[in-house]
Amino acid sequence: QQQVKQSPQSLIVQKGGISIINCAYENTAFDYFPWYQQFPGKGPALLIAIRPDVSEKKEGRFTISFNKSAKQFSLHIMDSQPGDSATYFCAASTPGAGSYQLTFGKGTKLSVIP
Amino acid sequence: DVKVTQSSRYLVKRTGEKVFLECVQDMDHENMFWYRQDPGLGLRLIYFSYDVKMKEKGDIPEGYSVSREKKERFSLILESASTNQTSMYLCASSFGWGYGYTFGSGTRLTVV
């Protein structure tokens, strides 16, 4: 059972446009929601993360919007650039020590065209 | 910055071989993870460990085992490699909940 559903699978955006990637989850115990960025030939890298006590978090051109009641969160990339072309993964985890682990979405391949 | 180092970028192995994938992290992280990444399937958790000598199965542990004898090192073992284990393997480590993961660059394994 996929616990984090990510869409779209691929996305093409013009340079300067807004890229939007959406994720939905089912497990209400999730309380940490990171986004990862992966360039070809590299491992994913943490981009930005949010906890459910806030509805939005912004870091530069990247913004996470979080809707707890709808169990959805999204990544917005403002003024998208060709250098943003990568695969993006959303993820979620439950709290607590011990067996902490992230559940990942299946990824979105973003292409920003000049 | 935390560094997670995977010993090989590319490996080609024969069916039936025993394969070892090594991962070392340099930041004293408690948690370490092995994922495989396949097109259209995203990142799937094979095994993870939250302490030395501790291990837990992830979503797809069949055909794999792991070893964590030292805190900084987490090894993935393919007991008898098969062609359906051809994949990109990613190791990650984390301090704990809320800190995210740091991934290695991956090992692309081809089993022929």
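Residues numbered from 1 in each chain as written. Chains lettered and ligands numbered in written order. Predicted model: local features only at pLDDT ≥ 70, side-chain atom pairs only at ≥ 80, totals over all residues. Heavy atoms only, no water.

## Some thoughts on the interface of chain B and chain A
Stated formally: The contact rule is simple, with two residues in contact once any of their heavy atoms fall within 4.5 Å. Here's the idea: put two parts together, see how much 1.4 Å probe accessible area each one loses, and the total over both is what we call buried area. What makes a salt bridge here is a side-chain nitrogen of Lys or Arg within 4 Å of a carboxyl oxygen of Asp or Glu, nothing more. Only DSSP runs of H or I covering at least 4 residues are called helices, and only runs of E covering at least 2 are called strands; the numbering of each starts at the N terminus. Gly counts as polar in this scheme, as do all residues outside two lists: the nonpolar Ala, Val, Leu, Ile, Met, Phe, Trp, Tyr, Cys and Pro, and the charged Asp, Glu, Lys and Arg.
In this complex, chain B contributes 24 residues to the contact, which on the side of chain A involves 23 residues. Both sides together, the interface formed by chain B and chain A hides about 1900 Å², and carbon and sulfur atoms give 58% of it. Of all residues in chain B, the largest losses of buried area upon contact with chain A belong to Leu43(B), Trp97(B) and Tyr101(B), amounting jointly to 34% of the total for that side. Scanning the region where chain B abuts chain A turns up zero salt bridges. Those elements giving two or more residues to the side of chain B that touches chain A turn out to be strand 5 (31-38), strand 6 (42-49) and strand 10 (87-94) of chain B. Classifying every residue of the side of chain B that touches chain A gives 12 nonpolar, 10 polar and two charged.

## Some details on the state of the cysteines
Residue and element names in this part refer to chain B. Stated precisely, the cut-off is as follows: Two cysteine sulfur atoms make up a disulfide if the distance between them is within 2.5 Å. Only protein chains enter the accessibility calculation, which uses a 1.4 Å probe; a residue whose area is less than 20% of its type maximum is buried, one above 50% is exposed, and one in between is partly exposed.
Scanning the entire structure with this criterion turns up two disulfides over all chains. What pairs with Cys-23 in a disulfide is Cys-91, and their sulfur atoms sit 1.9 Å apart. The sign of the -75° torsion about the S-S bond sets the Cys-23-Cys-91 disulfide as left-handed. Of this pair, Cys-23 sits in strand 4 (residues 23-25) while Cys-91 sits in strand 10, and the two are 68 residues apart along the sequence. Considered together, Cys-23 and Cys-91 belong to a single accessibility category, that of buried residues.

## Digging into the pairing of strand 8 (residues 64-70) of chain B
Residue and element names in this part refer to chain B. Which entries qualify depends on this criterion: When DSSP finds two or more bridges between a pair of strands, those strands are recorded as paired.
Where strand 8 and strand 9 (residues 73-78) come together, five bridges link them in antiparallel fashion. Residue pairing for strand 9: Ser-65 is matched across the bridge by Ile-77. What sits between strand 8 and strand 9 in their antiparallel hairpin is a turn of two residues.

## Quick look at the sheet that holds strand 6 (residues 56-59) of chain A
Residues and elements named next belong to chain A. The cut-off we apply is this: An axis is simply a line fitted to the C-alpha atoms; with a helix, the fit covers only the stretch in contact. Between two such axes, the angle follows the N-to-C directions and lies from 0 to 180 degrees.
The five strands are arranged 1-3-8-7-6 in an open sheet whose pairing can be described as antiparallel. Where the open sheet ends on each side, the last strands, each with one partner, are strand 1 (4-7) and strand 6. Going across the sheet, the axis of each strand differs from the next one's by a mean of 15°, ignoring polarity. The pairing of strand 6 with strand 7 (residues 62-67) spans four bridges and is classified as antiparallel. If you follow Glu-59 over to strand 7, its bridge partner there is Phe-62.

## Comments concerning the side chain of Gln25(B)
All names here are of chain B. As a reminder, the rule being used: The definition of a polar contact used here is a pair of N or O atoms within 3.5 Å, where within protein one atom must be able to donate a hydrogen and the other to accept one, and adjacent residues in sequence count solely through side-chain atom pairs.
Within the secondary structure, Gln-25 is located in strand 4. We classify Gln-25 as buried; its relative accessible area is 2%. In terms of polar contacts, Gln-25 uses its side chain to reach the backbone carbonyl oxygen of His-29, at 3.0 Å. A polar atom in the side chain of Gln-25 sits 3.3 Å from the backbone oxygen of Lys-71.

## Considering unusual backbone geometry
The step from Ser7(A) to Pro8(A) runs through a cis peptide bond, and the omega angle for that step is -5°. One can find Pro8(A) in the loop between strand 1 and strand 2 (10-14). With a phi angle near 60°, Asp28(B) is a residue other than glycine that sits in the positive phi range. Relative to the helices and strands, Asp28(B) resides in the loop between strand 4 and strand 5. Positive phi outside glycine occurs at Lys53(B), with the angle close to 65°. Along the chain, Lys53(B) turns up in the loop between strand 6 and strand 7 (56-57).

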